[in-house]
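What follows is the residue order along each chain.
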Amino acid sequence: MEPSPRREQDRAALEAFLLEHNALRVARHGELVESTDHPALLVWSEEEVVGVATYVINGDDCELLTLHARSRFQGTGTALLTAVQAVARRAGCTRLRVVTTNDNVDALRFYQRRGFRLARLRPGAVDENRVELKPEIPTSGAYGIPLRDEVELHLDLVEHDGLHQGVPVDAPGNTVDVPVSRRPNG
Ligand SMILES: CC(C)(COP(=O)(O)OP(=O)(O)OC[C@H]1O[C@@H](n2cnc3c(N)ncnc32)[C@H](O)[C@@H]1OP(=O)(O)O)[C@@H](O)C(=O)NCCC(=O)NCCS
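Cut-offs and rules
Residues numbered from 1 in each chain as written. Predicted model: local features only at pLDDT ≥ 70, side-chain atom pairs only at ≥ 80, totals over all residues. Heavy atoms only, no water. Helix = DSSP H or I, 4+ residues; strand = E, 2+ residues; numbered from the N terminus. Contact = heavy atoms within 4.5 Å. Areas by Shrake-Rupley, 256 points an atom, 1.4 Å probe, with all protein chains shown as cover. Salt bridge = Lys/Arg side-chain N within 4 Å of Asp/Glu carboxyl O. Buried < 20%, exposed > 50% of the residue type's maximum accessible area, 1.4 Å probe, protein only. Near = heavy atom within 4 Å. Polar contact = N/O pair within 3.5 Å; in protein donor to acceptor, adjacent residues only side chain to side chain. Nonpolar A, V, L, I, M, F, W, Y, C, P; charged D, E, K, R; others polar. Core = buried A, V, L, I, M, F, W, Y, C linked by side-chain atoms within 4.5 Å. Phe/Tyr/Trp six-rings, centres within 6.5 Å; stacked < 30°, edge-to-face > 60°.

Asker: Now, about the overall build of the chain: what can you tell me, with residues and values included?
Answerer: The number of helices and strands found in the chain is four helices and nine strands. Along the chain direction, N to C, the helices and strands of the chain fall in the order β-α-β-β-β-β-β-α-β-α-β-α-β. By sequence separation, contacts in the chain at least 24 residues apart represent 68% of the contacts at least 6 residues apart. Per element, the accessible surface of the chain, about 11,200 Å² overall, is 51% carbon and sulfur.

Take a look at the structure:
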């Protein structure tokens, strides 16, 4: 699974994929941007787009704007994230950042498992985006969690040099021994 940069002829397929995932317009930190105005990496299966990452490079900072996989848990998201990191490093970026939302606990897990650190919390920012920028943002998010706040995560691209990308969940030794607490009077 090798993500490839968007080509001019990919525009229609890219737009259809982003529309399907409600990601044509991205509202974060009080600004609305069109994701198709920015570079994208695509994962194809046969003739079909099955994953997309869009990003913005600004000096030594890279923002991951959107990241979506059509079928989850098949490595598409990891492949795209790894490819964006490589592009960002080649462009001289020292930091990759992403804004997600308070309900997206799967993404919070996904990014933290891959080296991202929690950097900022903007309470009520999604509520403000809904009123001011993007009325189609639902009020209820993943798992029925009220969708209200922005959470920004950062990956230090210097510290994470790209040599240790794997997170083998089932690899031997990748478990944590939790000490069993002693019962009082036990
Ligand atoms: C976040 C997202 C891009 C991840 O893409 P993905 O292709 O599913 O990611 P991967 O397959 O590479 O990894 C998925 C994780 O699920 C785990 N997984 C595998 N099979 C699983 C299963 N049956 N059930 C639950 N988790 C499973 C993988 O081990 C991996 O977990 P890890 O973090 O512990 O390694 C994808 O879930 C998505 O499109 N989400 C909706 C959009 C979104 O929230 N994007 C981020 C916005 S900022």
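There is more to say after this.
Asker: If you had to explain the pattern of salt bridges to someone new, which residues and values would you point to?
Answerer: Evaluated as defined, the whole model comprises 16 salt bridges. For Arg11, the salt bridge goes to Glu15, with nearest N and O atoms at 2.8 Å. In this pair, Arg11 and Glu15 both sit in helix H1 (residues 11-20), four residues apart, roughly one turn of the helix. Residue class for Arg11 comes out partly exposed when judged on its relative accessible area of 34%. Glu63 is the salt-bridge partner of Arg28, the closest N and O atoms lying 2.9 Å from each other. Placement of Arg28 in strand S2 (residues 25-28) and of Glu63 in strand S6 (residues 61-69) is noted, with a sequence separation of 35 residues between them. Accessibility expressed as a relative area gives 6% for Arg28, which makes it buried.

Asker: Which residues make up the site of the ligand, and what values do they have?
Answerer: Near the ligand there are 21 residues, and of these Gly75, Thr78, Asn104, Arg109 and Arg114 occur at the shortest range. In the model, an oxygen atom of the ligand is placed 2.4 Å from a nitrogen or oxygen of the Thr78 side chain. Take Arg109: an N or O atom from its side chain is 2.5 Å from an oxygen atom of the ligand. Across the complex, the protein chains shield 74% of the 970 Å² of accessible surface that the ligand would expose by itself. Residue assignment for the shell around the ligand shows that the elements contributing at least two residues are S6, helix H2 (76-90), strand S7 (95-101) and helix H3 (105-113). Ranked by residues supplied to the shell around the ligand, first place goes to H3 with four residues. Looking at the shell around the ligand residue by residue, the class counts come to nine nonpolar, eight polar and four charged.

Asker: Give a description of the nonpolar core that names residues and reports values.
Answerer: The biggest cluster of nonpolar side chains holds 26 residues, and the ones touching the most others in it are Leu64, Val84, Leu96, Tyr111 and Phe116. Counting only elements with at least two residues in this core, the list comes to strand S4 (40-45), strand S5 (48-58), S6, H2, S7, H3 and strand S9 (150-156). Apart from the residues lying within four places of it in its own chain, the contact partners of Val84 are Leu41, Ala53, Tyr55, Cys62, Leu64 and Leu96. Membership of the second largest hydrophobic core comes to eight residues, among which are Leu14, Leu18, Leu42 and Val49.

Asker: Tell me about the packing of aromatic side chains, and name the residues and values.
Answerer: A complete count under the given rule lists two aromatic pairs for this structure. Taken together, a centroid distance of 5.4 Å and an interplanar angle of 75° make the contact between Phe110 and Tyr111 edge-to-face. With respect to class, Phe110 is no different from Tyr111; both count as buried. The structure contains a cluster of three or more aromatic residues connected by ring pairs, namely Phe110, Tyr111 and Phe116.

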